[in-house]
Structure formats: C-alpha cells, structure tokens
Amino acid sequence: MEKDIRKLLEIKEIDAITIATPEHWHAPMAIMALQADKPPLDFEIMNSDKERYISAIHAGHAGNYSPMKQVFDDVLSYSNRQASRNEHHDNE
C-alpha cells in the first residue's frame, strides 16, 4: 500500500482514488486528485465540473458551507439515480 498520494497520482494505471483520511487532509487530497484527472470515487460525478468542486472546498474552508452542501446533494442525488438504475437493470 502506497502512503504518499503524490506517488499514487503519478501511476498511469490508476483511474480514480478513494480518500479515507481525517477531514483536514481530505480536501487537499481531493483537489490534488482532481487536478491529476483521477477523481475521488465518491465524487466521480464532479469530475466533469472540477472547478465547481474545488471552489466549493475552498468556500467551505472559509466558512461558507452552502456550495459544499450543494455538491454533496448533487452527488447523493446522482448516486441514488445510479443505484435505482442498477436495481432496475438487475430485475430485468
């Protein structure tokens, strides 16, 4: 297991990552991953709008949580739609 995210992000065979760290490390790692075109899996939907996600993280660090809440709501909504589609597909 690699412990340095910078080394992981250099590996071309890695398409996305999962971040399981304390809160103060999660945002910087998520930004680094997005900038390396390797979206954090829980935010894969945001890969198409990286700047919005990065701006939301910065706003949250400044005490404005509204943009981040909207990002989480969008991700949750997307995840629920995907789960519903998968369930429907499995029942066919």
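Numbers given to residues run from 1 along each chain, matching the order in which its sequence is written. In keeping with the model being predicted, local features are shown solely for residues with a pLDDT of at least 70 and side-chain atom pairs are shown and tallied solely at 80 or more, while totals for entire chains, interfaces and linings include all residues. In computing side-chain values, all of the structure's heavy atoms are included and hydrogens and water are not.

### Quick notes on the environment of alanine 33
For clarity, the cut-off: Here a helix means four or more residues in a row that DSSP labels H or I, a strand means two or more in a row labelled E, and each is numbered from the N terminus. The buried label applies to any residue whose accessible area, calculated with a 1.4 Å probe on protein chains only, is under 20% of its type's maximum; exposed applies above 50%, and partly exposed to all values in between. Throughout, a contact is declared for two residues whenever any of their heavy atoms are within 4.5 Å.
Within the secondary structure, alanine 33 is located in helix H2 (residues 23–35). A relative accessible area of 0% means that alanine 33 is categorised as buried. Excluding residues that lie within four positions of it along the chain, alanine 33 makes contacts with Leu9, Ile17, Lys38, Pro39 and Pro40.

### Focus: the pattern of salt bridges
Applied cut-off: Should a side-chain nitrogen of Lys or Arg be within 4 Å of a carboxyl oxygen of Asp or Glu, the pair is scored as a salt bridge.
Following the criterion strictly, the structure yields 1 salt bridge and no others. Put simply, arginine 6 and aspartate 4 hold a salt bridge, and the shortest N to O gap is 3.0 Å. Taking relative accessible area as the criterion, arginine 6 reaches 54% and is therefore assigned exposed.

### Considerations on helix H3 (residues 50–61)
Applied cut-off: A helix is expected to reach a length of 1.5 Å times the quantity of its residues less one.
Helix length check: H3 (12 residues) gives 17 Å between terminal C-alpha atoms against 16 Å at 1.5 Å per residue, within 8%. For H3, the full list of buried residues reads Lys50, Tyr53, Ile54, Ala56, Ile57, Ala59 and Gly60. Positive phi shows up at glycine 63, right after H3, with a value of about 100°.

### Quick look at the side chain of lysine 38
As a reminder of what qualifies: Pairing of N or O atoms within 3.5 Å defines a polar contact, subject to two protein rules: one partner must be a possible hydrogen donor and the other a possible acceptor, and residues neighboring in sequence count only if both atoms are side-chain atoms.
When you line up the elements, lysine 38 lands in the loop between H2 and H3. Here the side chain of lysine 38 touches isoleucine 11 through a polar contact of 2.8 Å, landing on its backbone oxygen. In terms of polar contacts, lysine 38 uses its side chain to reach the backbone carbonyl oxygen of isoleucine 14, at 2.5 Å. Once you skip the residues sitting within four places of it in the chain, lysine 38 turns out to touch Leu9, Ile11, Lys12, Ile14, Asp15, Ala16, Ile17 and Ala33.

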